[in-house]
Amino acid sequence: MGAQAVGVLGPVGAASMFSTRSPAASPTAGGPDRVSLLAMLGAIASAAVLVPAYGGGTAGLLALAGGMLLLDVAVQSGQVANQARIFALRPEARARINTAYMTCAFLGGSTGSWLGVRAYDRFGWRGVTGLVAVLAAVALGRHVLHLRQVQRGGAVAAPHEA
């Protein structure tokens, strides 16, 4: 991409920064479980929005910008929801819990990057968007199972409650 195309994509990061905190941190958002659910659905939707970016041109650039924005907001909102969830576990252990969470998030991101390169090498852009959709769908499936367990009253006690 040329400098103009990159310049068009630059504001996407700023837009996602301003869009993320409000839905994820809002008390009316329905709590971290609901925000996580919406974030996973947003990640799946972003994969669909990103597919036309393969075609290039103005339409491809707009699809790339829109898909990046949707994916970034989804991922960042999910992270805010996860941190709200873990910070509620043991207030006296927030630093240690956050360190463990961020380490896992970094390892997951590194693994996702590694898988993304492999998907691109083997299947091209469609492989990358397919990987995004599959990984988000797996996370969504796990989340739905968690929500069903909570609804049945089988939620696992927090470590300090056990």
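Residues numbered from 1 in each chain as written. Predicted model: local features only at pLDDT ≥ 70, side-chain atom pairs only at ≥ 80, totals over all residues. Heavy atoms only, no water.

J.: I'd like to hear about helix H3 (residues 57-87), residue by residue, with values.
T.: Its 31 residues place the ends of H3 44 Å apart at the C-alpha level, agreeing with the 45 Å of an ideal helix rising 1.5 Å per residue. Three or more residues of H3 are buried, namely Gly-60, Ala-63, Leu-64, Ala-65, Gly-67, Val-73, Ala-74, Ser-77, Gly-78, Ala-81, Gln-83 and Ile-86. (Helix = DSSP H or I, 4+ residues; strand = E, 2+ residues; numbered from the N terminus. Expected span 1.5 Å × (residues − 1). Buried < 20%, exposed > 50% of the residue type's maximum accessible area, 1.4 Å probe, protein only.)

J.: Would you mind going over helix H4 (residues 94-123) in detail, with residue names and values included?
T.: In this model H4 runs 41 Å from its N-terminal to its C-terminal C-alpha over 30 residues, within 8% of the 44 Å that 1.5 Å per residue would give. Turning to H4, its buried residues number three or more, namely Ile-97, Tyr-101, Gly-116 and Ala-119. In this structure, the buried side of H4 is in contact with H3 and helix H5 (125-151). (Contact = heavy atoms within 4.5 Å.)

J.: Just give me the short version of the side chain of Thr-129, but keep the residues and values in it.
T.: With respect to the helices, strands and loops of the structure, Thr-129 is situated in helix H5. At 3.0 Å, the side chain of Thr-129 and the backbone oxygen of Arg-126 are in polar contact. Once residues lying within four places of it in the same chain are set aside, the contact partners of Thr-129 are Ala-47, Leu-50 and Val-51. (Polar contact = N/O pair within 3.5 Å; in protein donor to acceptor, adjacent residues only side chain to side chain.)

J.: Explain the packing of H3 against H4 to me, and be specific about the residues and the numbers.
T.: In helix packing, the relevant descriptors are the interaxial angle and the interaxial distance, both defined with respect to the helix axes. At a minimum axis separation of 10 Å, H3 and H4 run at an interaxial angle of 145 degrees. Between H3 and H4 lies a crossing whose hand is right-handed. Taken together, the residues of H4 that come into contact with H3 (itself represented by Gln-79, Asn-82, Gln-83, Ile-86 and Phe-87) are Arg-94, Ile-97, Asn-98, Tyr-101 and Met-102. Its residues assigned to classes, the contact of H3 with H4 shows five nonpolar, four polar and one charged. (Axes fitted to C-alpha atoms, helices over the stretch in contact; angles between N-to-C directions. Left-handed = near helix turned anticlockwise from the far one by under 90°. Nonpolar A, V, L, I, M, F, W, Y, C, P; charged D, E, K, R; others polar.)

J.: Hey, could you go over the side chain of Ser-36 for me, with residue numbers and the actual values?
T.: Inspection of the secondary structure assignment puts Ser-36 in helix H2 (residues 31-50). Classification of Ser-36 by relative accessible area gives buried; the value is 4%. At a separation of 3.3 Å, a polar atom in the side chain of Ser-36 contacts the side chain of Arg-85. Setting aside its immediate chain neighbours within four residues, Ser-36 contacts Ala-81, Asn-82, Arg-85 and His-143.

J.: Which residues make up the environment of Met-17, and what are the values?
T.: Its location among the elements puts Met-17 in helix H1 (residues 3-25). Distance from Met-17 to Gln-76, taken between C-alpha atoms, is 8.3 Å for residues 59 residues apart in sequence.

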